[in-house]
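Residues per chain, in single letters:
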Amino acid sequence: MRKSQLAYLPLKRLIGIVGSIVGIIVCFVLLWWWVIPINAIVTKGHPFFIHRRLGRHKKPFKLIKFRSMKLDANPNLAPSNMSVAKQASMETKFGKFLRVTSIDETPQLFNILAGQMAFIGPRPGAEINEDELIRLREQYTPSAFEVRPGLSGYAQTRINRDHDPNKKAYLDHYYVTRISLWFDILIFGYTVLKLFGLVKGR
């Protein structure tokens with residue numbers, strides 16, 4: 001990474017701290033007070049899903065999100081190893097709503113606040129059952145593991161849930177080589193537009 005990119009990382013972390021605090025407050029007021037009890041009822045007392053992922057420098061951490069899958073779904077199945085149809089068949093009805101709106105990802109604001117993730121970066125790979133993606137990422141220099149994983153990322157703006165690990169690994173590498181404030185703002189803006197259905201995407 002270039003010196004200018006390394007110099008941006010502390011600012012990126014500051015944005016993560018401030019943004020996650022604001023985001024947590026907003027989510028509590030607008031979403032979580034009703035999402036948590038509803039999801040607890042739907043999933044029989046298990047509203048959250050904790051999964052081990054690999055962060056910066058491949059350091060494992062526990063990613064938190066709202067549970068969207070049925071209780072009998074295999075927790076070790078990584079999304080990249082499942083087709084879109086397979087994932088849909090395992091979702092609860094409320095879980096489908098959470099995934100379509102991306103509300104299921106909002107608890108990761110706590111991962112951002114803890115310094116395990118950032119708002120923008122390569123999506124964190126699963127420690128179990130995503131060996132191929134991890135291997136492919138390590139073939140590139142710099143690799144996706146040079147930076148904190150993100151709540152959203154460049155790859156998510158360029159692929160349509162095809163789960164091609166080769167494409168993901170390359171796009172993650174592309175992001176790291178061009179990481180900057182303006183690139184992050186562009187990806188964040190695109191993510192918001194996609195969330196509201198104004199552009200096509202994952």
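Residues numbered from 1 in each chain as written. Predicted model: local features only at pLDDT ≥ 70, side-chain atom pairs only at ≥ 80, totals over all residues. Heavy atoms only, no water.

Q: What exactly am I supposed to notice about the overall build of the protein here?
A: Of the regular secondary structure elements, the protein holds eight helices and four strands. For the protein, the N- to C-terminal ordering of α and β elements is α-β-β-α-α-α-β-α-β-α-α-α. The contacts of the protein with a sequence gap of at least 6 include a subset with a gap of at least 24, amounting to 71%. Accessible area for the protein stands at about 10,800 Å²; split by element, carbon and sulfur atoms hold 64% of it. (Helix = DSSP H or I, 4+ residues; strand = E, 2+ residues; numbered from the N terminus. Contact = heavy atoms within 4.5 Å. Areas by Shrake-Rupley, 256 points an atom, 1.4 Å probe, with all protein chains shown as cover.)

Q: Teacher, can you tell me more about the packing of aromatic side chains here?
A: In this description, a pair of aromatic rings is defined by centroid distance and the angle of the planes. The tally for this structure, following the rule as stated, stands at 11 aromatic pairs. Pairing Phe 28 with Trp 32 gives two aromatic rings, centres 4.9 Å apart and planes at 80°, and the pair type is edge-to-face. Taken together, the residues Phe 28 and Trp 32, both in helix α1 (residues 3–42) and four residues apart, mark about one turn of the helix. Overall, Trp 32 belongs to the buried group, its relative accessible area being 3%. (Phe/Tyr/Trp six-rings, centres within 6.5 Å; stacked < 30°, edge-to-face > 60°. Buried < 20%, exposed > 50% of the residue type's maximum accessible area, 1.4 Å probe, protein only.)

Q: Which parts of the structure should I look at to understand the nonpolar core?
A: Nonpolar side chains in soluble globular proteins tend to end up buried together. Grouped together as the largest cluster of nonpolar side chains are 28 residues, with contacts concentrated most on Trp 32, Val 35, Leu 109 and Tyr 175. Taken together, the elements giving at least two residues each to this core come down to α1, β2 (60–66), α3 (93–101), α4 (109–113), β3 (118–120), α6 (154–158), α7 (165–177) and α8 (181–195). Sort the elements by how many residues they give to this core and α1 lands first, with seven residues. When neighbours within four sequence positions are excluded, Val 35 is seen to be in contact with Phe 66, Phe 94, Leu 98 and Ile 103. (Core = buried A, V, L, I, M, F, W, Y, C linked by side-chain atoms within 4.5 Å.)

Q: What am I meant to see in the environment of Gly 55 here?
A: Within the secondary structure layout, Gly 55 lies in the loop between β1 (48–54) and β2. The class of Gly 55 is buried, set by a relative accessible area of 3%.

Q: What's the story with the pairing of β1 in this structure? I'm lost.
A: A regular strand places its side chains on the two faces of the sheet in alternate fashion. Alignment of β1 against β2, held across seven bridges, turns out to be antiparallel. Looking across to β2, one finds that Arg 53 is bridged to Phe 61. The hairpin turn running from β1 into β2, its antiparallel successor, is five residues long, and His 57 in that turn takes a positive phi close to 60°. (Pairing = 2+ DSSP bridges.)

Q: Would you explain unusual backbone geometry in this entry?
A: With glycine set apart, most residues show a phi of negative sign, and most peptide bonds adopt trans. The residue after Thr 141, namely Pro 142, is reached through a cis peptide bond having omega -5°. Within the secondary structure, Pro 142 sits in the loop between α5 (131–138) and β4 (150–152). The phi dihedral of Ser 102 is positive, around 65°, even though this residue is not glycine.

Q: When you look at the side chain of Ser 152 in this model, what are you seeing that I'm missing?
A: Examined against the element boundaries, Ser 152 turns out to sit in strand β4. Not counting residues within four places of it along the chain, the set of residues in contact with Ser 152 comprises Phe 119, Ile 120, Gly 121, Arg 123 and Thr 191.

Q: Is there a simple way to think about the pattern of salt bridges in this case?
A: For side chains of opposite charge, pairing can occur when their charged atoms come near one another. Scanning the entire structure with this criterion turns up eight salt bridges. Between Arg 99 and Glu 91 there is a salt bridge; the shortest N-O distance is 2.7 Å. In this structure, a network of salt bridges that share partners links the residues Lys 65, Asp 104, Glu 105 and Arg 123. (Salt bridge = Lys/Arg side-chain N within 4 Å of Asp/Glu carboxyl O.)

Q: Hey, could you run me through α7 in this one?
A: For an α-helix the count is 3.6 residues per turn, leaving residues at separations of three or four pointing the same way. The end-to-end C-alpha distance of α7 is 18 Å, a good match for the 18 Å that 13 residues give at a rise of 1.5 Å each. Buried within α7 we find Pro 165, Lys 168, Ala 169, Leu 171, Asp 172, His 173, Tyr 175, Val 176 and Thr 177. In this fold, the buried residues of α7 make contact with α1, β3, α5, α6 and α8. (Expected span 1.5 Å × (residues − 1).)

Q: Would you take a moment to explain α1 for this structure?
A: Its 40 residues place the ends of α1 only 49 Å apart at the C-alpha level, less than the 58 Å of an ideal helix rising 1.5 Å per residue. Of all the bends in α1, the greatest measures close to 60° and is centred on Leu 31. Two residues or fewer past α1, Lys 44 is found with a positive phi of approximately 60°. (Bend = angle between axes of the 7 residues up to and from the residue.)

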